[in-house]
Amino acid sequence: MSAMLLNKEKWPDFVGKLTGKKLWAPQGKGEEMRFAPVTEGEAPALEYGNTRVPPKQAVFPQTETMFRFQLGGEEVEVPEPEEETVLLGVRPCDARSMAIVDNLFGWEEDDPYYFKRRELVTLVGLACSEPGLNCFCTSVGGGPASTEGLDLLMTDLGEHYFLEAVTEKGEALLKEAGDLLEEAGDDKVKEKDKKIEESAGKIKRSVDHEGVPESLPGLWDDPLWQSVSASCLGCGTCTYLCPTCHCFDIQDEVEGFDARRCRMWDSCMFGEYTLHTSGHNPRPTRRERTRNRINHKYSYFVDKFDVIACVGCGRCINLCPVNIDIVEILRQVKEAI
Ligand code: SF4
Ligand code: SF4
């Protein structure tokens, strides 16, 4: 696969070459930052940390129509797949999360809604040069320049972006950019490697998960679940904003005779999530829900798909209103084993 250089002065022209495809990039300011469509003619600035809302919504929307129908009718109308979309400035942890979530939506049967979007999406990543305070990607299989899930990775080298194609889709983008790009010589390859090594060195947090997946079920009745969940409000922030969380609900919405079946994000941190029609709830308190969140990511998913369903993005730590910290929970788990 090719590696090229793009002078930052040519960034608007590079973006201009992508016209014809829908472009998404981080928009908004500070805590409101999320991926959203780019207005035509604009070249989005990529100097930001990470978005509050992960880009998972591009392949797994917060709410989507599965099909429309008429009450009493026999036909259903399935919406057309969306247009080709390029996501610019995706952080490596978020791209990696899509590769992890693919396992779930491809489990036994491919989910057509998810995979149609996945095929239409090209992920252009930006390596992290200033990891966040609560990032711990390097201890869960990723890194500030991990390419898993990406089609093209960009690394900021000051005057230039260093562009590496990861897939055929990424290679096609480099071809489209044509003479805007220059060959990356060995000196630039070394500069990029050094920069990435420095970034990885800035990551201060980590989880030691050795032995955790197989030992977690044995801690089912451990008092730690009570203590780590005592202050939880059950708000669902940690799951809604987690790039690997994928729980959903399916509901029918009816207006007169017009109806649609839709799928929307749900959260295992909500009490109603496991509430049975009988009134029984197998996860009646936040203790059981927190235990499930950790087991799901660090044990059940590993058992099923051989990968931890956490990419260490730190969002659940940064955004939990009562400072519940997954790294600290895993430290306590490790201590209890
Ligand atoms: S964000 Fe914090 S308070 Fe809200 S459900 Fe998650 S752990 Fe509980
Ligand atoms: S569990 Fe927390 S740190 Fe891990 S991927 Fe989800 S939001 Fe990020």
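The rules behind the values
Residues numbered from 1 in each chain as written. Chains lettered and ligands numbered in written order. Predicted model: local features only at pLDDT ≥ 70, side-chain atom pairs only at ≥ 80, totals over all residues. Near = placed C-beta within 6 Å. Nonpolar A, V, L, I, M, F, W, Y, C, P; charged D, E, K, R; others polar. Domains from an automatic or database assignment. Contact = placed C-beta atoms within 7 Å. Pairing = 2+ DSSP bridges. Helix = DSSP H or I, 4+ residues; strand = E, 2+ residues; numbered from the N terminus. Buried ≥ 20, exposed ≤ 12 C-beta atoms within 10 Å, placed from the backbone.

### Focus: the site of ligand 1
Around ligand 1, a shell composed of Cys232, Leu233, Gly234, Cys235, Gly236, Thr237, Cys238, Met269, Cys320, Pro321, Val322 and Ile324 is seen. In the shell around ligand 1, the residues fall into nine nonpolar, three polar and no charged.

### A few points about the domain arrangement of the protein
Much of the literature gives interface size as the accessible area that the parts lose upon coming together. Taken domain by domain, the protein consists of domain 1 (3-201) and domain 2 (212-336). For domain 1 versus domain 2, the distance between C-alpha centres works out to 26 Å. If you look at the interface, domain 1 gives 33 residues, while domain 2 gives 27 residues. Across the side of domain 1 that touches domain 2, the residue classes tally to 15 nonpolar, twelve polar and six charged.

### Structural notes on the sheet that holds strand β5 (residues 76-77)
Spatially, the four strands line up as an open sheet ordered β5-β4-β12-β11, and their pairing is antiparallel. The sheet is open, and its two borders are formed by β5 and β11 (248-255), each paired with just one other strand. Across seven bridges, strand β4 (residues 63-70) lies against strand β12 (residues 258-265) in antiparallel orientation. Looking at β12, one finds that Phe69 is bridged to Ala259.

### Structural notes on the pairing of strand β6 (residues 85-90)
Most of β6 sits out of view: five of its six residues are buried. Pairing analysis gives three bridges linking strand β2 (residues 22-27) to β6, with the strands arranged parallel. Within β6, the position partnered with Trp24 by the bridge is Leu87. Strand direction decides the pairing type here: β6 and strand β7 (residues 121-126), joined by five bridges, are parallel. Bridge pairing in β7 places Thr85 opposite Val121.

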